Amino acid sequence: MDITEVPVSEKSKGKKKKTKKTKAKDMSAEGDIQDGDVDTKDGVKMESEPGASAFPPTFSVSEIKNKQRRHLMFMKFKQEKRKQKMTIRKKKKKERIALGDKAPPKEVPKTIENQRVYDETTVDPDDEEVKYDEETDEFAAYFNGLTNPKVLITTSDRPRGRTVRFCEQLATVVPNAHVYYRRGLALKRVIPQCIARNFTYLMVINEDRKVPNGLVLCHLPDGPTAHFKVSSVRLRKEIKRHGKDPTEHHPEVILNNFSTRLGHTIGRLFAALFPQDPQFVGRQVATFHNQRDFIFFRFHRYIFKNEKKVGIQELGPRFTLKLRSLQKGTFDSKFGEYEWVLKRHEMDSCRRKFQL
Amino acid sequence: MDVWLGAETGLLKGVSVSRKQAVNFSSAGATRLSREQEVRALCWAAPGEAEVLVGQADGIVRTFSTEKGAFASSRRCGEPADGCFSGLLALGPALATCTETGAVRVWKEGEDEAATEVQAGGHVSRMRQSPVEPQRVATGGKENPLKIWDLENPDKPVFSAKNLRDTYLDLRQPHWVRDMAFLPQSDKVVTCTGYHQVHVFDPSSPRRRPVLEAVFGECPLTALSLTADGLTVAVANTQGQMALLDLRKGLVRGVLKGATGSIRALQCHPALPLIASCGLDRFLRIHSLEDRKLQHKVYLKSRLNCLLFSSSDPNAEAPPLKVKEEEEEDEVWDAMEHVHEQGGVHEEEEEVQEEDQSVDKEEEEEVQEEDQSVDKEEEEEVQEEDQSDHGPNHGPYSSSRCIGHISIATA
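Please read these numbers as outputs of a predicted model, since none were measured by experiment. (Residues numbered from 1 in each chain as written. Chains lettered and ligands numbered in written order. Predicted model: local features only at pLDDT ≥ 70, side-chain atom pairs only at ≥ 80, totals over all residues. Heavy atoms only, no water.)

Participant: What exactly am I supposed to notice about the interface of chain A and chain B here?
Facilitator: A common way to express how large an interface is: the accessible area buried when the components associate. Facing 24 residues of chain A, the contacting portion of chain B comprises 39 residues. Of the roughly 2,600 Å² buried where chain A meets chain B, counting both sides, 47% is carbon and sulfur surface. Put simply, chain A and chain B have 10 salt bridges between them. A salt bridge links B:Lys297 to A:Glu120; the nearest nitrogen and oxygen atoms lie 3.8 Å apart. (Contact = heavy atoms within 4.5 Å. Buried area = accessible area lost by both parts, 1.4 Å probe. Salt bridge = Lys/Arg side-chain N within 4 Å of Asp/Glu carboxyl O.)

Participant: Would you explain the side chain of A:Arg236 in this entry?
Facilitator: For A:Arg236, the location among the structural elements is in the loop between strand E5 (225-234) and strand E6 (252-256). Every residue in contact with A:Arg236, bar those within four places of it in the chain, is listed here: A:Gln169, A:Thr172, A:Val173, A:His242, A:Asp245, A:Pro246, A:Leu315, A:Gly316 and A:Pro317. (Helix = DSSP H or I, 4+ residues; strand = E, 2+ residues; numbered from the N terminus.)

Participant: How should I be thinking about the sheet that holds strand E2 (residues 12-16) of chain B in this particular structure?
Facilitator: Note on sheets: strands pair through backbone hydrogen bonds, and any given pair is parallel or antiparallel. All names here are of chain B. Spatially, the four strands line up as an open sheet ordered E3-E2-E1-E28, and their pairing is antiparallel. The sheet is open, and its two edges are formed by strand E3 (21-25) and strand E28 (304-309), each paired on a single side. Within this sheet the neighbouring strands show an average axis-to-axis angle of 20°, counted without direction. Where strand E1 (residues 3-7) and E28 come together, five bridges link them in antiparallel fashion. The residue bridging Val3 from the neighbouring strand is Phe309, located in E28. (Pairing = 2+ DSSP bridges. Axes fitted to C-alpha atoms, helices over the stretch in contact; angles between N-to-C directions.)

Participant: Looking at this structure, I do not really get the nonpolar core. What am I missing?
Facilitator: The tendency in soluble globular proteins is for nonpolar side chains to be buried side by side. Grouped together as the largest cluster of nonpolar side chains are 42 residues, with contacts concentrated most on A:Ile153, A:Phe228, A:Ile266, A:Phe270 and A:Ile295. With 20 residues, the next largest nonpolar core counts B:Leu5, B:Leu11, B:Val15 and B:Val17 among its residues. (Core = buried A, V, L, I, M, F, W, Y, C linked by side-chain atoms within 4.5 Å. Buried < 20%, exposed > 50% of the residue type's maximum accessible area, 1.4 Å probe, protein only.)

Participant: Looking at this model, I keep getting lost on unusual backbone geometry. Mind explaining?
Facilitator: Peptide bonds are trans in most cases, and residues, glycine excluded, mostly fall at negative phi. Of note in this structure, A:Asn257 is not a glycine but carries a positive phi near 75°. Mapped onto the fold, A:Asn257 is located in the loop between E6 and helix H9 (261-271). Located in the positive-phi region is B:Lys20, a residue other than glycine, with phi close to 55°. Considering the arrangement of structural elements, one finds B:Lys20 in the loop between E2 and E3. Looking at B:Lys20, the relative accessible area reads 16%, which means it is buried.

Participant: Would you mind showing me how to read the pattern of salt bridges here?
Facilitator: A side chain with one charge can pair with a side chain of the opposite charge if their charged atoms come near. Tallying each qualifying case throughout the model produces 31 salt bridges over all chains. Here B:Glu8 and A:Lys328 are joined by a salt bridge, their closest N and O atoms 3.6 Å apart. In this pair, B:Glu8 is assigned in the loop between E1 and E2 and A:Lys328 in the loop between strand E9 (310-327) and strand E10 (338-341), connecting two distinct chains. With a closest N to O distance of 2.7 Å, A:Glu337 and B:Arg264 form a salt bridge. Highlighted residues: A:Glu337 in the loop between E9 and E10 and B:Arg264 in strand E24 (residues 263-268), drawn from two different chains.

Participant: Honestly, the pairing of strand E17 (residues 189-193) of chain B in this entry has me stumped. Any pointers?
Facilitator: Residues in a regular strand project their side chains so that they alternate between the two faces of the sheet. All names here are of chain B. The buried count for E17 comes to five of five residues, which makes it a mostly enclosed element. Of the two faces of E17, both are covered, the one formed by Val189, Thr191 and Thr193 as well as the one formed by Val190 and Cys192. Looking at chain direction, strand E16 (residues 177-182) and E17 are connected through five bridges and run antiparallel. Across the sheet, Ala181 pairs through a bridge with Val190, a residue of E17. Between E16 and E17, which follow one another and run antiparallel, lie six residues. Strand direction decides the pairing type here: E17 and strand E18 (residues 197-201), joined by four bridges, are antiparallel. In the sheet register, Cys192 faces E18, and the bridge partner there is Val198.

Here it is as structure tokens:
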């Protein structure tokens, strides 16, 4: 009966270790005697009682039905693991100090950006065909200096206060931008009128439940239309320690991390929003930073304190974009041809694969 | 080469899936890419698959020889003002072109003017040839129903389809034929429309309305291709969804996944159960029809407009280049050891140089002719003749490898 009871009480012993130490000690005494008969795993567990770090039971914590006991076992397991990790770290640190200069270089921790699956559409700067493709795409007129950007900002119908303020702040950030109320107009009718008045961009902020959540950016003469999901919008007064309002100077533009062919197209789309001559007097900079397919927009004012130190002050709205689709012509969601469409089930299955 | 593609930047690309290479060809003389020479239509010049007709956006049709790897001739077939080519066919020594404004013209060899001209409506998206009778062509476009013409009697269409019945609200149904294909055994024609419908028409029946109607997706269907057995049809739409539809009942059999952008051209292999697709996302994808899995994916740097599947087996390993490499190695050894064999070595070196030059020419030449390849594809699959395999079978083939770069053919 001892033998039959031991397995059950072995596990319970472990959990009740904290509450009923005397009983545990009894069981451990028994366990030593019955070492041969009992499974090695239980025997090992017995020996782990006094504090040794051998805790590789072949049982798994999830087999225990009682929630409290399972929780206690899990805590124990975690503590064991932490202890082991600390000992390994201390050992390694000692070795490093002992070796001094000859120590092997520190291992770089694995991050998702490090482990990114190589994208074959990554643009190679020497590639002629891609260079030609980019030079003659729809933004060629802007990049050759033939047109100046003129942006029309509008919203979806009947915008609420937050969206309206967001549009106004965007208009201060983007030079030569005009905000108009939507008033139920159809975009397909708005677009020819914009082209006639020499607008180069149409920006439509979509609103849902009083909060801006989408952005349609349409390059006007015949250019691509990008549809983004907007999240994390912070207006000027919600930003801590923000600076005074931006001035009328043209900001500089920073585009980070747009490496693939699609990323290049989107990067050019953002770059063509701003005039090509940044006025450094204004010391303002707009940053579009792409990380893991999310594009973070920030607007700062900088000042160089000396050659090495620079102070920055965040002005302006802050928001995050995620590309949902890129369509070849001007806005035509029904009959337009899409160059890229986000398909969540196919694209989001691998955590280390990114499109931009 | 297994697949020929036409790109927006004016290049004709030849992709050899077995050798995992993609080579660019451009028209003779022009070393730069040019968007005016956007390739809009591709088709085989003759059933032997030795020459490719490339129709460009500026109205020029060039002939490309696949064996020599160079452009042979060119002729002007229309002005750019007429619109881009929406169809290109070979009729023996003559060729027939169709522009987007609806003008179907037959050009006899050597002449500058069209021999026959047919006005096929206001807008024609596609023109295709019947595999059984080369003189019959089908055209269709936006608000322009399917019409089947006999090029020898170009006055009236042989068959003109009727629009669908009015809806239950008595509103006229819009229709926009994007692509069509002739069914191999019978007279019937399958079309796909911009309103995500697939119709089957039977000219031999007195009924001018579609015999079968099927729906797929919510976006315009851009390309269509029949499988070799004629029972399944593959369609693709502007969001990159490709599906196989059964023609007996009109149900969706399955979906081919992977494409992210609008698919401009689709073609089934004439003999094997493979299907190739290319589109605005700059990739060539080859799926297997049996298990609908992606077998090959090639990144091709420019937006692709049309494609031609050759009858060679893409899964067969192609060795001719390896032979050349061995020859080069021999030359190196010969040059090093035996001085008195210089005569032979020189000859071999000359051969190698010639090969290199031809390869360089290939790379410099960049064809910018984009034609809607779907027409060509369908003609190809129809011309199922015994084509020479471009290489004997070699060992196991690793599938689903991505061909990334453009490489020199002798590498």
